[in-house]
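Spelled out, the chains give:
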Amino acid sequence: DGRTSERTSLSQGALPAAPAMAADAAAAPEVGLAAAMEAMSVGQAVPAVHNFTSKFMERPIFFHILVLEESLFIWAGGPGLGLDDLQVAVPTRYDAALPSVATLRGEADGQSSSMAQKFSRCFKRLVYLSFNVEAADSELAFFIQKELTVFLKQILGDAPGVKR
């Protein structure tokens, strides 16, 4: 159907300078998910930075994840490397099924708002999500959500609320 899920692990550690990220991703050797995960240990010290790239119909999607104590900063986007959208989802003790979401930048009722809410509910953490993909239809948004879910479940290990 034209969709591929190729992952390239960029680095673990400090983020490269923003303009260099797209160039680094294009030049990075393709590494399978198993090899990328082998290089990372589950339950590692925080903060931890994870970067990877997936392709959707030959369209590169870059992912940058910063794991902090009880919170996550997730950035997903294309080669434009912007911060046009930023949502914050906070799990509440009053309604565990529906975390509170605040829009710091972008559309309040966009795809990223519900995605941040889902990640906050699944991982029971404060989630900052920046979704910077131009012309993202529902199929592309679902692909991005699925890629992030698989990756986060593997790096977070047996975090509360994570179903394997």
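We now turn to the structure provided with this report. (Residues numbered from 1 in each chain as written. Predicted model: local features only at pLDDT ≥ 70, side-chain atom pairs only at ≥ 80, totals over all residues. Heavy atoms only, no water.)

**What about the overall build of the protein chain?**
Then, in step 1: Each helix and strand in the protein chain was counted, giving 4 helices and 7 strands.
Then, in step 2: Its helices and strands taken in sequence order, the protein chain reads β-α-α-β-β-β-β-β-α-β-α from the N to the C terminus.
Then, in step 3: In the protein chain, buried positions account for 40% of the 164 residues. (Helix = DSSP H or I, 4+ residues; strand = E, 2+ residues; numbered from the N terminus. Buried < 20%, exposed > 50% of the residue type's maximum accessible area, 1.4 Å probe, protein only.)

**Section: helix H3 (residues 111-123)**
Then, in step 1: In a regular helix each residue adds 1.5 Å, so 13 residues correspond to 18 Å; H3 covers 18 Å between its end C-alpha atoms and thus fits that length.
Then, in step 2: Within H3 the residues assigned to the buried category are Ser112, Ser113, Met115, Ala116, Gln117, Phe119, Ser120 and Phe123.
Then, in step 3: Those residues of H3 that are buried are in contact with strand E4 (71-77), strand E5 (86-90), strand E6 (100-105), strand E7 (126-132) and helix H4 (138-156).
Then, in step 4: A positive backbone phi angle near 50° is found at Lys124, which sits one or two residues after H3. (Expected span 1.5 Å × (residues − 1). Contact = heavy atoms within 4.5 Å.)

**Notes on the packing of aromatic side chains**
Then, in step 1: All told, the structure shown has 4 aromatic pairs when counted by the stated rule.
Then, in step 2: Ring plane angle 45° and centroid distance 5.0 Å describe the contact between Phe56 and Phe143, whose orientation is recorded as tilted. Of this pair, Phe56 sits in strand E2 (residues 48-56) while Phe143 sits in helix H4, and the two are 87 residues apart along the sequence.
Then, in step 3: Judged by relative accessible area, Phe56 falls into the buried class, the value being 5%.
Then, in step 4: Its relative accessible area of 6% is what places Phe143 among the buried residues. (Phe/Tyr/Trp six-rings, centres within 6.5 Å; stacked < 30°, edge-to-face > 60°.)

**Comments concerning H4**
Then, in step 1: Compared with the 27 Å implied by 1.5 Å per residue over 19 residues, the 26 Å span of H4 between its first and last C-alpha is a close match.
Then, in step 2: For H4, every residue scored as buried is listed here: Leu140, Ala141, Phe143, Ile144, Gln145, Glu147, Leu148, Phe151, Leu152, Ile155 and Leu156.
Then, in step 3: Immediately downstream of H4, the backbone of Gly157 shows phi near 65°, a positive value.

**Comments concerning the nonpolar core**
Then, in step 1: Ranked by size, the top nonpolar core spans 28 residues in total, and within it Ile65, Ile74, Phe119, Ile144 and Leu152 carry the most contacts.
Then, in step 2: It is H4 that provides the largest number of residues to this core, a total of 9 residues.
Then, in step 3: Residues contacting Leu152, with those up to four places away along its chain left out, are Ile65, Leu72, Ile74, Phe119 and Phe123. (Core = buried A, V, L, I, M, F, W, Y, C linked by side-chain atoms within 4.5 Å.)

**Considering the packing of H3 against H4**
Then, in step 1: For the pair H3 and H4, the least separation of the axes is 11 Å and the interaxial angle reads 25°. Put simply, H3 runs roughly parallel to H4. Seen from above, H3 lies across H4 with right-handed handedness. Contacts from Gln111, Met115, Lys118, Phe119, Cys122 and Phe123 of H3 reach H4 at Ser138, Ala141, Ile144, Gln145, Leu148, Thr149, Leu152, Lys153 and Leu156.
Then, in step 2: When the residues that make up the contact of H3 with H4 are grouped by side-chain class, the tally is 9 nonpolar, 4 polar and 2 charged. (Axes fitted to C-alpha atoms, helices over the stretch in contact; angles between N-to-C directions. Parallel < 35°, antiparallel > 145°, perpendicular 65-115°, else oblique. Left-handed = near helix turned anticlockwise from the far one by under 90°. Nonpolar A, V, L, I, M, F, W, Y, C, P; charged D, E, K, R; others polar.)

**So, the side chain of Ser130**
Then, in step 1: As for its position among the elements, Ser130 is in strand E7.
Then, in step 2: The buried category is assigned to Ser130, whose relative accessible area is 0%.
Then, in step 3: A polar contact is formed between the side chain of Ser130 and the side chain of Asn132, at a distance of 2.5 Å. (Polar contact = N/O pair within 3.5 Å; in protein donor to acceptor, adjacent residues only side chain to side chain.)

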